[in-house]
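Chain by chain, the residues run as shown.
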Amino acid sequence: MTTISYAQAIRDALAEEMRRDKKVFILGEDVGKFGGAFKVTKGLLDEFGPERVRDTPLSENAIIGAATGVAVMGYRPVAEIMYMDFLHECSDQLVNHLPKMHFMTGGKLTAPVVIRTQYSLGRNTGAQHSQFFPSFYMNTPGIMVATPSTPADAKGLLKAAIRGSNPVLFVECAALYGRHGEVPEGDYVIPFGKADIKRPGNDATVVAVSRMVGEALLAADALASEGISIEVIDPRTLVPLDTDTILSSVKKTARLITAEDSCSTCGVGAEVVARVTERAMDYLEGVERIACPDIPAPFSPPLQKAYMPGKDTIVTAVKKLMS
Amino acid sequence: MLEEEVVELFKQGLIPGLAHPYIGQEAVAAGVCAALGEGDLVVSNHRGHGHSVAKGVPERAILSELMGKDAGMCLGLGGSMHSTDLQAGIIFSTAIVGGGIPLAVGVALALQMDKKTNCVVCFFGDGATNTGAFHEALNLAAVWKLPVVFVCENNHYAVSVPVSKSTSASIAQRGQAYGIPGLFANGMNVLDVYAVALEAISRAKKGEGPTLVECETYRYKGHGVYDSGLDYRTQQEVDDWMKRDPIQAFERKLTEEKLATVEELDAIRSKVKSRLAEAVAFAKDRPYPPNDLLAKFVWA
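Residues numbered from 1 in each chain as written. Chains lettered and ligands numbered in written order. Predicted model: local features only at pLDDT ≥ 70, side-chain atom pairs only at ≥ 80, totals over all residues.

**Considering the overall build of chain B**
- When helices and strands are counted, chain B shows twelve helices and eight strands.
- A compact globule built from 300 residues should have a C-alpha radius of gyration of about 19 Å, and chain B, at 19 Å, falls within 12% of that.
- Considered along the principal axes of its C-alpha atoms, chain B spans approximately 55 × 50 × 40 Å.
- Counting over 300 residues, chain B shows a buried share of 53%.
- Looking at chain B alone, contacts between residues at least 24 apart form 74% of all its contacts between residues at least 6 apart. (Helix = DSSP H or I, 4+ residues; strand = E, 2+ residues; numbered from the N terminus. Rg over C-alpha atoms; globule rule 2.2 N^0.38 Å. Buried ≥ 20, exposed ≤ 12 C-beta atoms within 10 Å, placed from the backbone. Contact = placed C-beta atoms within 7 Å.)

The following block contains the structure:
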């Protein structure tokens, strides 16, 4: 094991995959000399050159369209979209084209495009640079969605995404880029659709996504001191979603809490709760959904603090269900 | 001739959903595709049956797809607006106006990175030139000097709105904004289209970058099979354009210049007619796809 940052883990995954397969290349805004807005691709231009680390114009729709076109021709592009909010700039390619290429052509084309993006909630970037809305793509068949919460997961999932045959939306979290964690030595992949139990427990199941995984682990520490044990499950990929692991946990704990940085309505939690309710209703004693309110992200730091869920929100929700 | 069958089959309820006839625009697909060589590719659009025919996709596969039958080129999963036949060089057709243009840029990028001397032609209508995708894609293709030819089939109407009310300056002129040639072709004259397309295609293959080609043409029918086409234009206007019919004009030229006889042309026509009759019968006879096809190609 080595200890590296979440950003470094992603950079390592990109570099290793580009060394392994000449068909893998990067395109996006500022990904070259600048190394990306979050410096994730820093240094890759020096090793791989401008043909494989391609700065693009500020044209998100053309970036994803071109990535799709080049992918159906046998390449494995990794496109960077600077902020998740900007995915709406390329929605036509991202929703109407890319996930449907294989389907609409009766399987004649495959489009193994990986789209790396990040959400910045918690960094006071306002309503148009903070949004996290992965459930939108859970409702778009044909594209897989990964939301890694640790350096090890980020590296293993990104490698799996690049090697796979399907389009993948890979949603990173800016607040995590500087976080360090242990990463296995050598080459490894983490399969999609396999949740990770980040901490086992018996009293409540917390299904946490991205940044909220860390918050849930902090909550688990706080609750442990009060004799309450929670099980923290990180689905790691939302499409496919490992419902079985969640169900097994809920059957054990009888209490389900979901935690995410999305707005609440139709968020990831809504889907998780629906699936568990359909299949394990008799086991359930209580459910809580933790998310941002259905309000755009505010700028002013105190307002942002009031807006974001965190460790304390989880602690409160668990105690409510336990009482 | 295929489109006349399509209109008839739609009336009979055998083609469900949407279909957008190409009648009147034949010179564009025929002229451009004649200028393509082996290994060259096409990205098509919602009005794409003509492109498929010009690239040699078997009529059986086209008509089966339109009827939603299992022998369709996309197994009945695509429909009228989605054609893919890799053998014929039709990569993809999109039903989103303008959506194919960035995609074609990606196809061209692959050709360039593979160091091939082939090119890709992207067909779209006048309406598409007012989408953001058009402008983003032309700029990107120009910046990267990609081997792509953007062929705008200006048939004068985006559904019902005339170009004069929707589009500033001429479409060909828009090439200048991206530092690429913007050429104009008479889209009712197959030889003119061929000559202009050849120039653009040669340029792309020589590594000199993209070209925008505007072909001025006209669709005789409505926007789709459900549209008379006469709510927003007069019968007189349609009749005037039909007098310039590209097929008739080309046949006249062939006979006048003694390159073909009327009998030879009639023989070709009846050959196509019987091939189409066979294709229609074939498509009618084919079964619909089984329900297990539904989930088969969501994931690769």
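**What about the domain arrangement of chain A?**
Residue and element names in this part refer to chain A.
- Domain assignment breaks chain A into domain 1 (2–183) and domain 2 (196–322).
- For domain 1 versus domain 2, the separation of C-alpha centres amounts to 26 Å.
- Listed by partner, the interface residues are 27 residues for domain 1 and 24 residues for domain 2.
- Looking at the side of domain 1 that touches domain 2, the elements that each hand over two or more residues are α6 (135–138), β6 (144–146), α7 (151–163) and β7 (168–173).
- Residue classes in the side of domain 1 that touches domain 2 are distributed as 18 nonpolar, eight polar and one charged. (Domains from an automatic or database assignment. Nonpolar A, V, L, I, M, F, W, Y, C, P; charged D, E, K, R; others polar.)

**Brief notes about the interface of chain A and chain B**
- Of the residues lining the interface, 33 residues belong to chain A; the matching set on chain B comes to 33 residues.
- Looking at the side of chain A that touches chain B, the elements that each hand over two or more residues are α3 (60–72), α4 (91–97) and α5 (101–104) of chain A.
- The element best represented in the side of chain A that touches chain B is α3 of chain A, accounting for nine residues.
- Class assignment of the residues belonging to the side of chain A that touches chain B gives a composition of twelve nonpolar, 18 polar and three charged.

**Re helix α8 (residues 211–224) of chain A**
All names here are of chain A.
- The terminal C-alpha atoms of α8 lie 20 Å apart, and with 14 residues this matches the ideal 20 Å at 1.5 Å per residue to within 8%.
- Across the 14 residues of α8, ten count as buried, placing the element largely inside the fold.
- Within α8, burial applies to Arg211, Met212, Val213, Gly214, Glu215, Ala216, Leu217, Ala219, Ala220 and Leu223.
- Considering only its buried residues, α8 is in contact with β7, β9 (196–199), β10 (204–208), β11 (230–234), β13 (255–263) and α12 (311–322). (Expected span 1.5 Å × (residues − 1).)

**Looking at the environment of Gly178 of chain A**
- Mapped onto the elements of the fold, Gly178 of chain A is located in the loop between β7 and β8 (180–183).
- A sequence separation of 27 residues divides Gly178 of chain A from Pro151 of chain A, and the C-alpha atoms of the two residues are 9.7 Å apart.

**What about unusual backbone geometry?**
- Omega for the bond connecting Val239 of chain A with Pro240 of chain A falls within 30 degrees of zero, at -5 degrees, which places this linkage in the cis form.
- Tracing the sequence through the fold places Pro240 of chain A in the loop between β12 (237–239) and α9 (243–253).
- For Lys115 of chain B, which is not glycine, the phi torsion reads 60 degrees and is therefore positive.
- Checked against the element boundaries, Lys115 of chain B lands in the loop between α5 (100–113) and β3 (120–125).
- Positive phi, close to 80 degrees, is recorded for His156 of chain B, a residue that is not glycine.
- Within the element layout of this structure, His156 of chain B appears in the loop between β4 (148–154) and β5 (157–158).

**Things to note about the nonpolar core**
Residue and element names in this part refer to chain B.
- With 190 residues, the main nonpolar core has Val105, Val148 and Val213 as its most contacted residues.
- In terms of residues, this core owes the most to one element, α5, which gives nine residues.
- With residues near it in sequence (within four places) discarded, Val148 still touches Ala104, Val105, Ala108, Cys119, Val120, Cys122, Ala141, Ala204 and Pro210. (Core = buried A, V, L, I, M, F, W, Y, C linked by C-beta atoms within 7 Å.)

**Re the packing of α9 of chain A against helix α10 (residues 268–280) of chain A**
Residue and element names in this part refer to chain A.
- Viewed as axis vectors pointing N to C, α9 and α10 meet at an angle of 65 degrees, and their least axial separation amounts to 10 Å. When the axes of α9 and α10 are compared, the crossing they make is right-handed. Across the interface between the two elements, Thr243, Ile246, Leu247, Val250 and Lys251 of α9 pack against Val272, Arg275, Val276, Arg279 and Ala280 of α10.
- Tallied by class, the residues present in the contact of α9 with α10 amount to six nonpolar, one polar and three charged. (Axes fitted to C-alpha atoms, helices over the stretch in contact; angles between N-to-C directions. Left-handed = near helix turned anticlockwise from the far one by under 90°.)

**Digging into the sheet that holds strand β7 (residues 182–186) of chain B**
Residues and elements named next belong to chain B.
- Pairing in this open sheet of six strands is parallel, and the strands run β2-β1-β3-β4-β8-β7 from one edge to the other. One side of each edge strand has no neighbouring strand; the edge strands of this open sheet are β2 (90–93) and β7. Adjacent strand axes in the sheet meet at a mean angle of 20 degrees, parallel and antiparallel pairs treated alike.
- Bridge count between β7 and strand β8 (residues 211–216): five bridges; the pairing is parallel. Along β8, the bridge assignment pairs Ala185 with Cys215. (Pairing = 2+ DSSP bridges.)

**Topic: the sheet that holds strand β2 (residues 24–28) of chain A**
Residue and element names in this part refer to chain A.
- One open sheet holds the seven strands; their spatial order is β3-β2-β4-β5-β7-β6-β12, and the pairing between them is mixed. The sheet is open, and its two edges are formed by β3 (53–55) and β12, each paired on a single side. Direction aside, neighbouring strands of the sheet carry axes that sit 20 degrees apart on average.
- Judged from the two bridges that link them, β6 and β12 form a sheet pairing that is antiparallel. Paired with Val145 across the two strands is Val239, which belongs to β12.
- Docked against the sheet, α7 engages β2, β4 (76–81), β5 (114–119), β6, β7 and β12, running at close to 160 degrees with respect to β7.

**Observations concerning the confidence of the model for chain B**
- On average, residues of chain B carry a pLDDT of 96, and 100% of them reach 70 or more.
- For this predicted complex, the interface confidence reaches an ipTM of 0.96, while the overall pTM sits at 0.97. (pLDDT = per-residue confidence, 0-100.)

**Overview of the pairing of β4 of chain B**
Residue and element names in this part refer to chain B.
- Of all seven residues in β4, seven are buried, a share of seventy percent or more.
- Across the two faces of β4 the burial is the same, with Val148, Phe150, Cys152 and Asn154 and Val149, Val151 and Glu153 all buried.
- Where β3 and β4 come together, six bridges link them in parallel fashion. The partner of Val120 across the bridge, within β4, is Val148.
- Following the backbone out of β3, through helix α6 (residues 132–143) and into the adjacent parallel β4, one traces a crossover that is right-handed. (Right-handed = clockwise from strand over helix to strand, strands pointing away.)

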